[in-house]
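Structural description and commentary
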Number of protein chains: 4
Amino acid sequence: MNTFGHRFRITTFGESHGVAIGGVIDGCPSQIKLDFDFVNEELSRRKTAQSDSASQRKEPDHIEWLSGLLDGVTLGTPLAFMVRNEDSRPDDYEDLKEVFRPSHADFTYEQKYGIRDWRGGGRASARTTLPLVVAGAIAKQILKEKNIKISSRLVYLGDVVEARKKGDTVGGILEGRISGVPAGLGEPMFGKFSSELAHAMFAIPAVKGFEIGDGFALASMRGSEANDVFVEEDGIITTETNHSGGIQGGITNGSDVVFGVAFKPLPSIAVPQRTVNRVGEPCEITIKGRHDICALPRAAVLVEAMAALVTVDFCL
Amino acid sequence: MNTFGHRFRITTFGESHGVAIGGVIDGCPSQIKLDFDFVNEELSRRKTAQSDSASQRKEPDHIEWLSGLLDGVTLGTPLAFMVRNEDSRPDDYEDLKEVFRPSHADFTYEQKYGIRDWRGGGRASARTTLPLVVAGAIAKQILKEKNIKISSRLVYLGDVVEARKKGDTVGGILEGRISGVPAGLGEPMFGKFSSELAHAMFAIPAVKGFEIGDGFALASMRGSEANDVFVEEDGIITTETNHSGGIQGGITNGSDVVFGVAFKPLPSIAVPQRTVNRVGEPCEITIKGRHDICALPRAAVLVEAMAALVTVDFCL
Amino acid sequence: MNTFGHRFRITTFGESHGVAIGGVIDGCPSQIKLDFDFVNEELSRRKTAQSDSASQRKEPDHIEWLSGLLDGVTLGTPLAFMVRNEDSRPDDYEDLKEVFRPSHADFTYEQKYGIRDWRGGGRASARTTLPLVVAGAIAKQILKEKNIKISSRLVYLGDVVEARKKGDTVGGILEGRISGVPAGLGEPMFGKFSSELAHAMFAIPAVKGFEIGDGFALASMRGSEANDVFVEEDGIITTETNHSGGIQGGITNGSDVVFGVAFKPLPSIAVPQRTVNRVGEPCEITIKGRHDICALPRAAVLVEAMAALVTVDFCL
Amino acid sequence: MNTFGHRFRITTFGESHGVAIGGVIDGCPSQIKLDFDFVNEELSRRKTAQSDSASQRKEPDHIEWLSGLLDGVTLGTPLAFMVRNEDSRPDDYEDLKEVFRPSHADFTYEQKYGIRDWRGGGRASARTTLPLVVAGAIAKQILKEKNIKISSRLVYLGDVVEARKKGDTVGGILEGRISGVPAGLGEPMFGKFSSELAHAMFAIPAVKGFEIGDGFALASMRGSEANDVFVEEDGIITTETNHSGGIQGGITNGSDVVFGVAFKPLPSIAVPQRTVNRVGEPCEITIKGRHDICALPRAAVLVEAMAALVTVDFCL
């Protein structure tokens, strides 16, 4: 299932070192003049080599728009786009062909498909999230006109400097926020705003935890502490506190939707590790090549993109 | 969207104090002799009044099977069932008709639908999870024949005794475990095992956090600590540790799938709270009637049921 | 797949001689005061024994509403309902247990499921369309407020009198019409109004053909004859003729949607037929019991119901 | 909704004179060595200018494969492909910008989206079916290994010669056939093999009718004539006749699935026609440029492709 969304739907394709990666957006409203500059800005936020903790791959990431537009305006038909993989160096990965990297998807993909694209992680590479950032940027543009804003901030990051010295990696936690979201979004039972948001966040590689509002901290609170008291302000019913993270019974209450996303340390470390090869024989591996020390802050734009996709899907 | 699942699908219906609650299971394999005793045992695990922390409602919870069976054997056609709501005392709720209980779904339902069933929480009541337990029991029976077992344990519970004294409520954390799950379940990108599991858990009322494996704790670990080294054991490739919780790249690796679910304290507390009524005027509310002090341990069977539904959906 | 629709969704359950048949409607708008009398009138249109060509089963067809209503007004939550099967005489079918009736679904169900409910056709019985009539009646009520009207008329019927004499059955053709439908409904490519309507009509037992507008007759027309010339009338763009049946490029053009539905003669005939039993041995069968001579006119309300379900799904 | 299928899913994109048209196939099994020659052969069957009745556009139709392959073998990940639109002459269409061509989708698209790509029909052009032929060719390859074969034949065609003289167009009827299909495919109620097939055929431009087996002719037959008697042949239960077209109760019975598809005459005729412009003023139009006289025989490969997509979807 490489399609996400119900009304605003993105289907993605591509492997890290294949011909191209891209996507098809179905359900985008017609008559929107796309802000291509904004899409490119968002893309540059996820580009490698931008921060100290990021890896070295330098791709121009030029988006080619294939359909759905007339003079830059959406037709209501599918918006297809792609980015060619130009800076691919599959040789870096040649010696990983027969070995399962610990905590990577090499083993599970091979179990599932009986074959895997061993070049840079193939479909499991973080590069395959690029189309999500493109779709997320369009979603943000639509939401902006409805005065809905998506943002994120880093709330925890391991010690990058120390980890780099040792060829190691670190994890971290991002907080996402959806401001200006109207009350009443989300479906009871299985289409809860929280359920869809959780689903969306686990589409991001390296995500291992998700919480709404005070989340896990609520487990050690009392009801009298955790409840959000309703008050009236300027004719609008709102809550005095926001422990619930803007969602009650799975439906938005008009307060900011606030959520936390936990990232594990990236599994590509430059220190030798024990593992097995494809026939189960023990061996040692030292992962070379270009790798991030941390999924964050690069993942910030991705967290926002997925939140935008969920929100626009409920709004349309 | 009151339907969950892709191949093994459960559609639920019912309000807490309506005529009946129930469900329709579509996609259940044919020729299974249903273990009705087991279904009833699972139901009794969620029944109120069973534990110190649970509320007083005493429903017989008699399941009437409506379709899909011939002499107790599944036909492959939809399995419909219902439980009548016999012990309903809507009078308990009469004075809540015009008031929004803090951190309940009263306000959000009214925002969404412009109408709400104020009798005991209506569709947002925990009672509406009963059909999930029924479906989960059938899913468990199917999984059992595949040697897949679902279990759970309480890993954190607030101080129930102290909270009861004060008319307050507490939260807690449950750990779920899926043992015997084969490697290769889950879809890359948006149909990850972890995504579907997260989605499923947020269908449970009062859930505010979800994590896979070491989850949020992974955020403060290094890659060298967090990686699960592959080893070969008795001809099978497995991992030495299970920080990943049995899932890599969104796909099961054959280890136990382990996950944590955080519950907020239940919002129905017996102490006076400030709130507003339907027209936004401030007022005070003291919730009477029968209420749990904690969603746990009653939610344990529900966590297992949702995990079973996700697993069986990937297995079929 | 026992669910139909995308936004207004009906899930049905039940076998002809099981405990009950019924359905769950998900996505019905809130705050609608259901017209129960109209639902019952529609049901009576499909009831057996109403016409000369219909069979003898006399069921009260009393609908019990299980959920989704408060004082007869929809809550926006699932509307579940059921009708008990009271007048079941499974003994009529005992001798059909081991035999495959020609052109019935006995053989195909057994191939698919390895088991079948042999009592009166089980899930394949025309009785299982009852929930569609209920859902269709609600859809009609919603459409009526939008000034959309669904109707049907008989355009061809075989000679019932002659067929009855011989214990034989006849087929026929119904024409359906959706009036007042706005222009612009339907999706290009795979969600065409025509595609969804065709899909819906083949859900009706005994349907073997479907056409839009002039349909098969268009195959022998010239473009210059078949084209519908656009004209302007009272400020509205419309067409002078309606060979297209109100649909162009899969999307409604504002003219009446007109379509034809062909029914085969019902396969239950009272004359001896050759067939085989479950182990493939040749045998002879004479079908007794209560059977219609023709699916029409009873199917008229069903054709309308399915058309209403498709239309309301596009309108919401 | 530009996605077709449940397990083997094709999402298409592109307008007739946009940058490219193409598709993403999701759910294709892994480890299949794609027969690219066969895909190209199928494509050439639909290419323009191949027959007397076809139009003049000469596109090389070179498929570029973008993802999902490693050395020509499927990875199980999405197969994306595209064909650039090289021979586009939008000037041919400049004077159609403000006018609604009779029985084309110009008017309905504009009603739906408020904007339309007027260059060659945009998304409504027959050119947008190219990706279906590609996906259908892959589906056929998969089915071939299961000994399932899809074919078609022309059963009726209007007089092309006479129509060409007059600048007019003709319609026709194609018969499709799925041979070797196992018994038991199809779901009762709404996922019937016949329902899905009907749905699929109406995705083809100019299709206005669909029938299974003897279809509309069954309406004037008696049950005793129409019933397919079961017989045993070489240990297999089969039917003596095939009036049902291989489907009973919506499920395949193992006989060939046979169906008819009616095409209207193409609406682009070279004779002057009355119509209105975008503001409703009457005007006259004479359609120039390259146009087919008949959708057939070019549509044959498309009918087969859609049948293959439906069949493979049920088989996987």
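The sections below set out a description of the structure shown in this document. (Residues numbered from 1 in each chain as written. Chains lettered and ligands numbered in written order. Predicted model: local features only at pLDDT ≥ 70, side-chain atom pairs only at ≥ 80, totals over all residues. Heavy atoms only, no water.)

The two copies are related by a screw operation: chain D maps onto chain C through 180° of rotation and 0.0 Å of translation along the axis, at an RMSD of 0.0 Å. One copy is carried onto the other by what is essentially a two-fold rotation axis. Interface overlap between copies: 100% of the residues of chain D at the interface are likewise at the interface in chain C, consistent with a symmetric, same-surface contact. (Least-squares fit on C-alpha atoms with pLDDT ≥ 70 in both. Contact = heavy atoms within 4.5 Å.)

Looking now at the arrangement of the chains. Where chain A comes nearest to chain C, the C-alpha atoms are still 8 Å apart, and the two do not contact one another. For chain B and chain D, which are not in contact, the least C-alpha distance works out to 8 Å.

We now examine the interface of chain A and chain B. The partner chain B presents 95 residues to the 95 residues of chain A that form the contact. Interface area for chain A against chain B, summed over the two sides, is near 7700 Å², with a carbon-plus-sulfur share of 61%. Sorting the residues of chain A by area buried against chain B places A:Phe190, A:Lys208 and A:Phe230 first, and these three jointly supply 11% of that buried surface. Where chain A packs against chain B, one counts eight salt bridges. B:Lys112 serves as the salt-bridge partner of A:Glu187, at 3.3 Å between the closest nitrogen and oxygen. Viewed at the interface, chain B and chain A are joined by 39 residue pairs in polar contact (both at pLDDT 80 or more). It is helix α2 (residues 106-113) of chain A that provides the largest number of residues to the side of chain A that touches chain B, a total of six residues. Looking at side-chain class alone, the side of chain A that touches chain B contains 44 nonpolar, 33 polar and 18 charged residues. (Buried area = accessible area lost by both parts, 1.4 Å probe. Salt bridge = Lys/Arg side-chain N within 4 Å of Asp/Glu carboxyl O. Polar contact = N/O pair within 3.5 Å; in protein donor to acceptor, adjacent residues only side chain to side chain. Helix = DSSP H or I, 4+ residues; strand = E, 2+ residues; numbered from the N terminus. Nonpolar A, V, L, I, M, F, W, Y, C, P; charged D, E, K, R; others polar.)

What follows concerns the sheet that holds strand β10 (residues 207-212) of chain C. The eight strands are arranged β8(C)-β9(C)-β15(C)-β10(C)-β10(D)-β15(D)-β9(D)-β8(D) in an open sheet whose pairing can be described as antiparallel. Looking at the sheet topology across the chains shown, the edges are occupied by β8 (149-157) of chain C together with β8 (149-157) of chain D. This sheet shows a mean twist of 20° between the axes of neighbouring strands, independent of strand direction. Bridge count for β10(C) against strand β10 (residues 207-212) of chain D is three bridges, and the pairing is antiparallel. Bridge assignment links C:Gly209 to a residue of β10(D), and that residue is D:Glu211. Running over the sheet, helix α5 (residues 193-201) of chain C touches β9 (172-179), β10 and β15 (257-263) of chain C and is turned about 160° from β10(C). (Pairing = 2+ DSSP bridges. Axes fitted to C-alpha atoms, helices over the stretch in contact; angles between N-to-C directions.)

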